[in-house]
Amino acid sequence: MIGHTYRYEMENICRLFLPQEAVKVNEEADGVHAVTTMCKGESQTFLSAELTLGDWRERAEAQVDNALPNYSKECERQLAVLLYTLFVKLFGHPLRWGAVTGVRPVKLLRRMTEQQGEEAAARWMERELLVSREKTALCLDTLREENKLLALSRPDSFSLYLSVPFCPTRCDYCSFVSHTVERAAKLIPDYVDCLCREIELTGEIALQLGLRLETVYMGGGTPTTLSAEQLSRVLGTVARSFDCSHLREYTVEAGRPDTITQEKLGALKEAGVTRVSINPQTLRDTVLEAIGRRHTAEQFWQAFALARRCGLDNINVDLIAGLPGDDYAGFQESLDGVLSLSPESITVHTLAMKRASNLVIHRRAEYDGGREAVRMVDYSGQRLREEGYHPYYLYRQSRAVGNMENVGWAKPGSEGLYNVYIMDETHTILACGAGAVTKLKQPVGEHIERIFNFKFPYEYNRRFEELMQRKQGIRDFYGRFADELPSA
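What counts, and at which threshold
Residues numbered from 1 in each chain as written. Predicted model: local features only at pLDDT ≥ 70, side-chain atom pairs only at ≥ 80, totals over all residues. Heavy atoms only, no water. Helix = DSSP H or I, 4+ residues; strand = E, 2+ residues; numbered from the N terminus. Rg over C-alpha atoms; globule rule 2.2 N^0.38 Å. Buried < 20%, exposed > 50% of the residue type's maximum accessible area, 1.4 Å probe, protein only. Contact = heavy atoms within 4.5 Å. Areas by Shrake-Rupley, 256 points an atom, 1.4 Å probe, with all protein chains shown as cover. Lys, Arg positive; Asp, Glu negative; His and termini not counted. Charge placed at Lys NZ, Arg CZ, Asp CG, Glu CD. Polar contact = N/O pair within 3.5 Å; in protein donor to acceptor, adjacent residues only side chain to side chain. Pairing = 2+ DSSP bridges. Expected span 1.5 Å × (residues − 1).

Turning next to the overall build of the protein. Helix and strand content of the protein: 18 helices and 16 strands. For the protein, the C-alpha radius of gyration of 23 Å lies close to 23 Å, the compact-globule estimate for 488 residues. Principal-axis analysis of the C-alpha atoms gives the protein an extent of 65 × 55 × 45 Å. Here the protein, with 488 residues, has 58% of them falling under the buried criterion. Here the contacts in the protein between residues at least 6 apart in sequence split such that 73% fall between residues at least 24 apart. Carbon and sulfur atoms make up 49% of the accessible area of the protein, which amounts to about 21200 Å² in all. Side chains of the protein carry 59 positive and 67 negative charges; the gap between the two charge centres is 2 Å.

This is the structure we're talking about:
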């Protein structure tokens, strides 16, 4: 980097094309070597990018007017686009998402739409970020659905996140801080005690501030690794600690079919849970075994049927495109199988090759499923639209195979509100449990502050009193913005 500080964006452009390679800045040239330069003149800033691999070398240049009101952002964008176009020449093909590197392309499009209108914003995305027409249209469709849900939120709204970071086994693609039950079982009783205490304190603060609870989301990990009694205790603490009279949605991830029992589903139903997620990821047993999930497709069918019998009428199902050992035909079978059950929503993720996952640590050289993943995602969009589902939230992850996206599809009226609110950063998320992050959003404005909980359950249990002091930051934050909250 010469003459600029846009390190994060330049690194991310490199990772679009070389997702598993280490990106080093200001080191000796080795492998693929990129130079990005910014030189500010009297009225114009001159930008250039140069890409080298062995004897192959290409260069691209651009200029930015120094008087632009968004001068710095425009320099960063143009440098990113210059470098992206050189990588396209080197690899011989563009990417569907062009030079977009961020997690939230829909939020970016929303901002541009507010400034320019929908049609002009779509053209900007295609022309200035080189996003394909197909992905721009997907963004627009998602934006329109999201806007209906965002309108429900108020300045005093918030959502509650509950973290249960335990799983039956660790999936090979997972990079979350979660612990297998076999290794962490002895931590769970104390963890539940601490979680309930944190919920009580958080509820006390929310009530004192007059905040309005819109959605609750219990995730992990796999929350249904807890016993039915433990689930009842945690969810009962929520009911006693918060004003739930305005609650629009109550979601629990029952993600692993092998953790689901009638007693646990009964506990969820009794506590007022309105939405559950049952996530096979694939319906091929050989693929499930290959990725470290100790359940079968048959157990998913049984768990889904049991949830219906227990009266749960809003079920989400997750699938992953691009799993090792899977192929296009296998993904088609999995999606068509899930569609035969007519769940209220289906979330299609693209496999992300996270550096902390077992898949990357132990088997990186064995897998490259990008082209297959692209076909799978394309098929999912086509089939889900045919079956009456629409995209209601969308996000992207770094190192996703094929540089594809994750999309939540839902039948009208069955959208997951929490998913939209967390992805759009619509309002405050108060979070409880190990690894949880409270995200405090200015009631009227874009300012955000975070309060981080301890990542690991053993640390969460051991340093719990210290964590309780951190939670007082919620009061401090809203004290600074009290005039933006509705009067009682």
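Here the narrative resumes, following the displayed structure.
This next bit is on the side chain of Asn-403. Among the secondary structure elements, Asn-403 is positioned in the loop between β12 (390-395) and β13 (406-410). On the basis of relative accessibility, which here comes to 7%, the residue Asn-403 falls in the buried class. Engagement of the side chain of Asn-403 in a polar contact is seen with the side chain of Arg-396, the distance being 2.6 Å. In this view, Asn-403 contacts Leu-16, Leu-95, Trp-97 and Arg-396; residues no more than four positions away in its chain are not counted.

Once that is clear, we can look at the side chain of Ser-132. Structurally, Ser-132 can be placed in the loop between α4 (118-128) and α5 (133-150). Among the polar contacts listed, one links the side chain of Ser-132 to the backbone nitrogen of Lys-135, at a separation of 3.2 Å. Setting aside its immediate chain neighbours within four residues, Ser-132 contacts Arg-96 and Glu-126.

Within strand β14 (residues 428-432), five of the five residues are buried, leaving the element largely enclosed by the surrounding structure. Going residue by residue along β14, you find Thr-428, Leu-430 and Cys-432 tucked away on one face and Ile-429 and Ala-431 tucked away on the opposite face as well. By the bridge criterion, five bridges tie strand β4 (residues 157-164) to β14 in an arrangement that is parallel. What sits directly across from Tyr-161, in β14, is Ala-431.

Along a regular strand, successive side chains alternate from one face of the sheet to the other. Taken across its six residues, strand β11 (residues 345-350) has six buried, putting it largely inside the fold. Every second residue of β11 is oriented toward a common face, with Ser-345, Thr-347 and His-349 on one face and Ile-346, Val-348 and Thr-350 on the other, all of them buried. As defined by bridge partners, strand β10 (residues 315-321) adjoins β11 across six bridges and the pair is classed as parallel. Within β11, the position partnered with Asn-316 by the bridge is Ser-345.

Here α5 contains 18 residues, and its C-alpha end-to-end distance of 25 Å stays within 8% of the 26 Å for a straight helix at 1.5 Å per residue. Looking at α5, one finds that the buried residues are Lys-135, Thr-136, Leu-138, Cys-139, Leu-140, Thr-142, Leu-143, Glu-145, Glu-146, Leu-149 and Leu-150. On its buried face, α5 is in contact with α3 (105-116), α4, α14 (370-386), β12, β13 and α15 (417-424).

Attention now goes to unusual backbone geometry. Here the bond from Gly-220 into Gly-221 is cis, since omega is 15°, no more than 30 degrees from zero. Along the chain, Gly-221 turns up in the loop between β7 (212-220) and α8 (228-241). Unusually for a residue other than glycine, Leu-130 sits at a positive phi of about 60°. When its relative accessible area of 31% is taken as the criterion, Leu-130 is described as partly exposed. If you check the backbone angles, Glu-425 has positive phi at about 60° while not being a glycine. Secondary-structure assignment places Glu-425 in the loop between α15 and β14. Given the relative accessible area of 12%, Glu-425 is considered buried.

None of the figures reported here should be taken as evidence of function without further support.
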